[in-house]
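# A closer look at the structure
Listed here are the chains, written in short residue letters.
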Amino acid sequence: MPPSLRHTVPIAVAALVAGLGQPPPALASPGPTLPRAAATHATPEFAATGPPTTVALTPGRVRTTLHDVDTGQAVRGCLSLVPVDRDRLTVVSLGEEQAGRHGGCTGVDGGDLVATDVPPGQYHLLARPYDSERYGWQWVGRHGGTGQRERGVALQVRPGRTVTAPPVRLDPPGTITGRVTRAAGGTPVSGGHVLALPAIPHPKYDDHGAITDDDGRYTLTGLGPYRWPLHFTGHGLASQWSGGTADRTQARPARVRAGATATFDQELVAGTVVSGTVTVAQLPHYSQVIAFHARTGDAVGVGELGADYTMRLLPGQRVVLRCDCAYAPSRWFPNAAEIAGARPIRVRHRPVTADFDLTGPGSAPPT
């Protein structure tokens, strides 16, 4: 195969299933795995980008319970342990939402939940009930749910220990509806996604999120009655959080009320073109370049590639780029083995070019 091929695809970032109340029966995901007897501490921790410097750490466990907020009745559901650490949050692959790779589910009777083999570290807790008609998603707080990740509890998991998380008190769900349009011209954005949790879309099985119809209208159900930042995407447009920002922590949240339907409209801009070439000895069947917000670690853009890629990103942010495009661990722009060695790119209003050359070994992070 020649050392370079060329192919271009615009971005699409999606996350959050339209039926929010149907979590998967297990939270394991493809990609780097850890042995059951010991976890691996890397710098950055568990980066999917090359051989880390490792120190053996015994996994921990997380225990909690899921109950109806009013009756105390046991509820079935799952808990995702979402890393607080930015670098660990970027360990996400094709078809995965950014919910972390560790967690657990209750038994058929609901109530008790134990997550095992959890690598030591800090985690936010995302509770996802099975019955989306009776209960809504929530980030678990000390005294109830919230829709804003940073307002939830940050649980510290220590090696070889079992930590008890706050009990999960599930509230009734609400609905958000609205219309997504282009800022230039006001035309509807069809086939876009409205999300509460970013993901890396799969080219064939991208069924995440509420999808906008031909008139740009969407309906997102199954969220708990809190204030939720929403992530919007559209073909050929820059993804952004509600209120028109690239930073989740600066988003304007949409207010969800139990048993009610709220309205939230959003305009999307075309954004800045970020593109480049990828030089590699052999390219896998499906390859991609992923842009992550340099501070939060949220996925903000994906470009499918042959030897080149193109994506559109919202101006006013700094990103790091990861190339999943070789029969080897991922590389970070320009050719780093770990995210710690990635060179951040500032996105302004002028096009940005970022070329990867993966013909040599990945560089180590600066000391």
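The residue count restarts for each chain, going from 1 along the sequence in the order it is written. Whole-chain, interface and lining totals are the exception, using all residues; otherwise, since this is a predicted model, local features are given only for residues with pLDDT of at least 70 and side-chain atom pairs are given and counted only at 80 or more. In computing side-chain properties, one takes all heavy atoms of the structure into account and sets aside hydrogens as well as water.

## Quick word on the environment of Gly 244
Every helix listed is a DSSP run of H or I at least four residues long, and every strand listed is a run of E at least two residues long, numbered separately from the N terminus. Tracing the chain through its elements places Gly 244 in the loop between β19 (240–241) and β20 (254–255). A relative accessible area of 38% means that Gly 244 is categorised as partly exposed. A C-alpha to C-alpha distance of 8.7 Å links Gly 244 and Val 269, two positions 25 residues apart in sequence. Ignoring sequence-local partners within four residues, the contact set of Gly 244 consists of Gln 266 and Leu 314. The classification of residues rests on relative accessible area computed with a 1.4 Å probe and restricted to protein chains. Under 20% of the type maximum is buried, over 50% is exposed, and intermediate values are partly exposed. Residue contacts follow a heavy-atom distance rule, with two residues in contact if any of their heavy atoms lie within 4.5 Å.

## Points about the nonpolar core
In terms of nonpolar packing, the biggest core is built from 25 residues, with Ile 176, Val 194, Tyr 218, Leu 223, Trp 228, Leu 230 and Phe 232 touching the most fellow members. Listing elements by their share of this core, those giving two or more residues are β13 (174–182) and β16 (217–223). Looking at this core, the element that brings in the most residues is β16, giving 3 residues. Those residues in contact with Tyr 218 that lie beyond four places of it in its chain are Ile 176, Thr 177, Gly 178, Arg 179, Val 180, Val 194, Ile 211, Thr 212, Leu 230, Phe 232 and Phe 264. By nonpolar core is meant a set of buried Ala, Val, Leu, Ile, Met, Phe, Trp, Tyr and Cys residues that side-chain atoms within 4.5 Å join together. Judged by nonpolar contacts, the second largest core, of 22 residues, contains Val 319, Leu 321, Cys 323 and Ile 345.

## Thoughts on the confidence of the model for the chain
Here the chain averages 85 in pLDDT, while 84% of its residues score no lower than 70. Scored between 0 and 100, pLDDT is the confidence that the predictor attaches to each residue. Confidence drops under pLDDT 50 across residues 1–54; counting only partners more than four residues distant or on other chains, this segment forms 177 contacts.

## Here's the deal with the pattern of salt bridges
Within this document, salt bridges are pairs made up of a side-chain nitrogen of Lys or Arg and a carboxyl oxygen of Asp or Glu, the two lying within 4 Å of each other. Summed over the entire model, instances satisfying the criterion amount to 10 salt bridges. Across the pair Arg 179 and Asp 215 runs a salt bridge, and its minimum N-O distance is 3.1 Å. One end of the pair, Arg 179, is in strand β13; the other, Asp 215, is in the loop between β15 (210–211) and β16, with 36 residues separating them in the sequence. According to the relative accessible area criterion, Asp 215 is partly exposed, its value standing at 32%. Residues Arg 295 and Asp 247 are paired through a salt bridge, measuring 2.6 Å at the closest nitrogen-oxygen approach. Linking Arg 295 in the loop between β24 (288–293) and β25 (299–304) with Asp 247 in the loop between β19 and β20, this pair joins segments that are 48 residues apart in sequence. Residue class for Asp 247 comes out buried when judged on its relative accessible area of 7%. A cluster of three or more residues bridged by salt bridges with shared partners is formed by Arg 149, Glu 150, Arg 248 and Asp 298.

## Remarks on the sheet that holds β15
The rule for pairing is simple: two strands pair if DSSP sees at least two bridges between them. What the 4 strands build is an open sheet, ordered β15-β14-β18-β19; its pairing is antiparallel. Looking at strand neighbours, the two that pair on one side only are β15 and β19, the edges of this open sheet. Relative to β19, strand β18 (residues 231–233) runs antiparallel, the two sharing 2 bridges. Note on β19: the bridge partner recorded for His 231 is Trp 241.

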